[in-house]
Structures are given as C-alpha cells and as structure tokens.
Amino acid sequence: MQVRLFKPCVGEEELANIRSVFERGWLGLGPLVEQFEKEWSEYLGATASVGVNSATAALHLAVTAMRVPAGSKVLVPAITFVSTATAALYNQLVPVFVDVDEDTLSISLEDLERKVTSDCAIVMPVHMGGHPVPMDDLNQIAKRHKLAVIEDCAHCAGGVYKGKKLGTWGDIGCFSFEEKKCMTTGDGGMISSNRPELIEPLRAYRWVGIDKDTWKRSAKYTSADEMDARHWYYEVNVLGYKYNMNDLMAAIGLAQLRKLDQMNERRRQIIRRYLDGIASCERIRPLFPYQLVENAYWIFGVRCGERDRLILHLKRKGIATGVHYMPLTMHPLFRKYASKVPVAERVWETIITLPLFPDLTDGEVDYVVEALQTFDRG
Ligand SMILES: *Cc1c(COP(=O)(O)O)cnc(C)c1O
C-alpha cells in the first residue's frame, strides 16, 4: 500500500464552477474574486478580505499594511514555514525569532515577553498544525508592548478559538489555499481583517499598484449612463506586485469553502482514530495536545525519540511522512538573525507529520497505525 501525506479533496463541484468561468470567458481578476472575498469574510466574521495568489503574498502585504518605521523588528516563532519570516525581510524589517511552546510548537508567550523590545512593531503568531495560539493572552502582551498582530492561519482555515474564528483575533489574518492546505484553490491566499481601512489599500498592492482593476474598468465601458467615463484611465501611486487572485482560483475556492467545515470534521475523525490507535504506544506520542472540538487541524503528527529510524520504517511500508518544521534559525538565510531558541532546536528532532487529508480511508489510517505499533514494539 502507498499512503500519501496530503491530497486535495476536489471533484464535481469545483469542475462545475470552473466550467462556468470558461463559459463567461473571464479568467483573471474579476467578479468571482469579489464574490469569494465576500463569502470568505462572512464565513470568517471579518468585515473585509483581499484575495491574493498565496499566503506568502498575503503575509508580505499584511506586514506592508502596518506601515511601521523602517528597520523595525517583527517577532516570529522559530518553528514555522519560511514565508512567515520572509514577510519581514520583503518589507526591509528584521525578524526576531521567538522560541516555541514545548507542547503546542507555537510561539512561546514566556519567550515572547523575554524577546520583545521597544523597536519591535509586529508579532506574527502561527497556529501550528491548526492548534490555536492562546490569542487572548497573546493579544494582552501585544497591547502592552504596542505590537500589531498578524495571524498566520495557513494551517487552520475554519478553526475556532473560544468561539471566535482564528484570523479574526489579531489585526489581520492570513490564509493559504495552497494545494496541501485545509482548503485549496491550487495556489492562493486571503488577507482578512475587521479593520477594513488597514487592508483596503492592499487592493492596489496586489494589482501592480493600479487603483482600479480591469473588471471594474470594463464594467464602466459597457455602462450606458457613463458614456463619457474614461474607462481606460487608472493611476499608479504605490509600488505594487502581481499578487492577485484570479476568477479561476476563486471558482475553486467558492466550491471548497462550502466543504471546508465537512473536510475539517473528517480530519478530526481521522485524528481520533489515530489517537485511539497509538494510545498504547510507549515510544510514540501525539504531536499536539489535540482537542477535537472546534479546532481545524491540518497536521496529524507524532513525536518519537528515534525520529529518523521511524521515518525509514514508514517509508519501507509505503507511508509518506514529513517534518514540519526545522527551526528557521538553522537556515543559512536566517543565520544572522539567530537567537536562543533551545526548545525549538531540541524538539524538532522528534517530530514527524503523518498522512492526513479528508479522503484518507479508515483502512489507510489503520495501516499507518499498525506500522507505528510494530515500530513501537520492535
Ligand atoms: C504554507 C504556509 C505558508 C505559505 O503558504 P503559500 O500559500 O504556499 O504561500 C505560510 N505560512 C505557513 C505557516 C505555511 O504553512
């Protein structure tokens, strides 16, 4: 048997939406992006959302939106995907790596208090694997030190903390719709906020700096009562990027959004089965203190002192694994920003990500569990 690590859950609903985009003959930034932004905002409980082509772009622009003084520092957890930290570098800001909490692998609030200085302007909590950062506590620290809060929600689309969607606790929430994530548009991302004045300017930044997108200008062109509207006119005021979402992506996203809660529920079911299966293991423990009520988990993983030997054992049985993530401080790019992150550097050597996606069958889960049990007994 071969078991994949992640697999997008796409089918007839997405195909039907793609077909209607083809029939309209407008594939670029257009009305479906607007519709998806609107439906996403409603789903999340945010007042505004801006669709982009990745979470990497979302994080870059979210930092831009804060307009902090050049050279300011941005507090980032040591264990995350590179894009959380490169968002600071893209904006000529300085990442400060904060150690992680031993149990949740998310930003340690104790180390955050230790590392924060008066030149820190932004903190970027990442809900690692979908396990929520205690946002009430983090927001208190942020308020005390006048830090803007950008939530990296790449792992937790649909996740809830204390009755409120993740991504709405901070000033801005950034989401990933990359093919492996909780829901997908192929590649894609979303910037959401309850402070529209903060993120509305990003519409120009995602569209090479242009203040009116082509769809709106073409609507003016066909409007009878605006015959003398200069439909071709636009202005460029800012240095923008080609970061827009397009209607093809939005068409897939609209179908995926309707399935998101179901997909998250199926992932929780699978995790429950995994947890029952490994409960008796002595050398293999769950990656997180999983709480399977309202959390949207993207990673099921385990911790094992013989991590690399376990990865090989699973590979021989056709079971794909991953490691999320090696601490960023260990990458050459970030070496000059390295700081003391002892927990991250110790714990990452024990972590393994196992297969998790909505279409994973109970039979496949049992096959993985059996392989884990064999290793544990061996
Ligand atoms: C995947 C991921 C990103 C980047 O997402 P893309 O949409 O692929 O750019 C950012 N942060 C984290 C934590 C991620 O896992």
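Residues numbered from 1 in each chain as written. Predicted model: local features only at pLDDT ≥ 70, side-chain atom pairs only at ≥ 80, totals over all residues. Heavy atoms only, no water.

## Side note on the domain arrangement of the protein chain
Parsing the protein chain into structural domains produces domain 1 (12–259) and domain 2 (261–377). Spacing between the C-alpha centres of domain 1 and domain 2 amounts to 27 Å. Between domain 1 and domain 2 the total buried area reaches about 3,200 Å² when both faces are included, carbon and sulfur atoms providing 62% of it. Here domain 1 is connected to domain 2 by 1 salt bridge. Between Glu102 and Arg346 there is a salt bridge, with the nearest N and O atoms lying 3.1 Å from each other. Counting across the domain 1 and domain 2 interface gives 22 residue pairs in polar contact (both at pLDDT 80 or more). Elements represented by at least two residues in the side of domain 1 that touches domain 2 include exactly α4 (82–90), β3 (94–98), α5 (109–115), β6 (160–161) and α10 (247–278). For the side of domain 1 that touches domain 2, the per-class residue count stands at 22 nonpolar, 11 polar and 10 charged. (Domains from an automatic or database assignment. Buried area = accessible area lost by both parts, 1.4 Å probe. Salt bridge = Lys/Arg side-chain N within 4 Å of Asp/Glu carboxyl O. Polar contact = N/O pair within 3.5 Å; in protein donor to acceptor, adjacent residues only side chain to side chain. Helix = DSSP H or I, 4+ residues; strand = E, 2+ residues; numbered from the N terminus. Nonpolar A, V, L, I, M, F, W, Y, C, P; charged D, E, K, R; others polar.)

## Topic: the sheet that holds strand β11 (residues 300–304)
With antiparallel pairing, 3 strands are arranged side by side in an open sheet as β10-β11-β12. Of all the strands in the sheet, just β10 (284–286) and β12 (351–354) have a single pairing partner and so form its edges. Strand after strand, the sheet turns through a mean of 35° between neighbouring axes, direction not considered. By the bridge criterion, 4 bridges tie β11 to β12 in an arrangement that is antiparallel. (Pairing = 2+ DSSP bridges. Axes fitted to C-alpha atoms, helices over the stretch in contact; angles between N-to-C directions.)

## Comments concerning the state of the cysteines
Using the criterion set out here, one finds 0 disulfides in the structure. Of the cysteine sulfurs around Cys9, a residue in no disulfide, the closest is that of Cys182, at 12 Å. Cys281 provides the cysteine sulfur closest to Cys304, a residue in no disulfide bond, and the two sulfurs are 9.4 Å apart. With relative accessibility at 2%, the residue Cys304 sits in the buried group. (Disulfide = S-S within 2.5 Å. Buried < 20%, exposed > 50% of the residue type's maximum accessible area, 1.4 Å probe, protein only.)

## Observations concerning helix α3 (residues 55–65)
Judged by how many residues are buried, α3 sits mostly within the fold: 10 of 11 residues are covered. Regarding α3, the residues found buried are Ala55, Ala57, Ala58, Leu59, His60, Leu61, Ala62, Val63, Thr64 and Ala65. Looking at where α3 begins, the residue whose side-chain oxygen comes 3.3 Å from the main-chain nitrogen of Thr56 is Ser54. Count one or two residues on from α3 and you reach Arg67, which has phi positive near 45°.

## Comments concerning unusual backbone geometry
Most peptide bonds adopt trans geometry, and most residues besides glycine take a negative phi value. With an omega dihedral of 0°, the bond running from His324 to Tyr325 counts as a cis peptide bond. Relative to the assigned elements, Tyr325 resides in the loop between α11 (307–316) and α12 (342–347). Notably, Lys162 is not glycine yet its phi reads approximately 45°, a positive angle. Take Lys162: it is sitting in the loop between β6 and β7 (164–165). Non-glycine residue Val208 carries a positive phi angle of around 45°. For Val208, the location among the structural elements is in the loop between α8 (202–205) and α9 (214–222). By relative accessible area, which is 39% here, Val208 ends up partly exposed.

## A closer look at the side chain of His131
Looking at the element boundaries, His131 is found in the loop between β4 (120–123) and α6 (135–144). Classification of His131 as buried rests on a relative accessible area of 5%. Ignoring any residue separated from it by four or fewer positions in sequence, one finds His131 in contact with Thr104, Ser106, Phe288, Pro289, Gln291, Asn295 and Tyr297. (Contact = heavy atoms within 4.5 Å.)

## Details of the packing of α11 against helix α13 (residues 362–377)
Following both chains from N to C, one finds α11 and α13 inclined at 135°, their axes separated by 10 Å at the closest point. Considering their axes alone, α11 and α13 lie oblique with respect to each other. Along this stretch, α11 crosses α13, giving a crossing that reads as right-handed. Across from Arg309, Leu310, His313 and Leu314 in α11, the residues of α13 making contact are Ala371, Leu372, Thr374 and Phe375. (Parallel < 35°, antiparallel > 145°, perpendicular 65-115°, else oblique. Left-handed = near helix turned anticlockwise from the far one by under 90°.)

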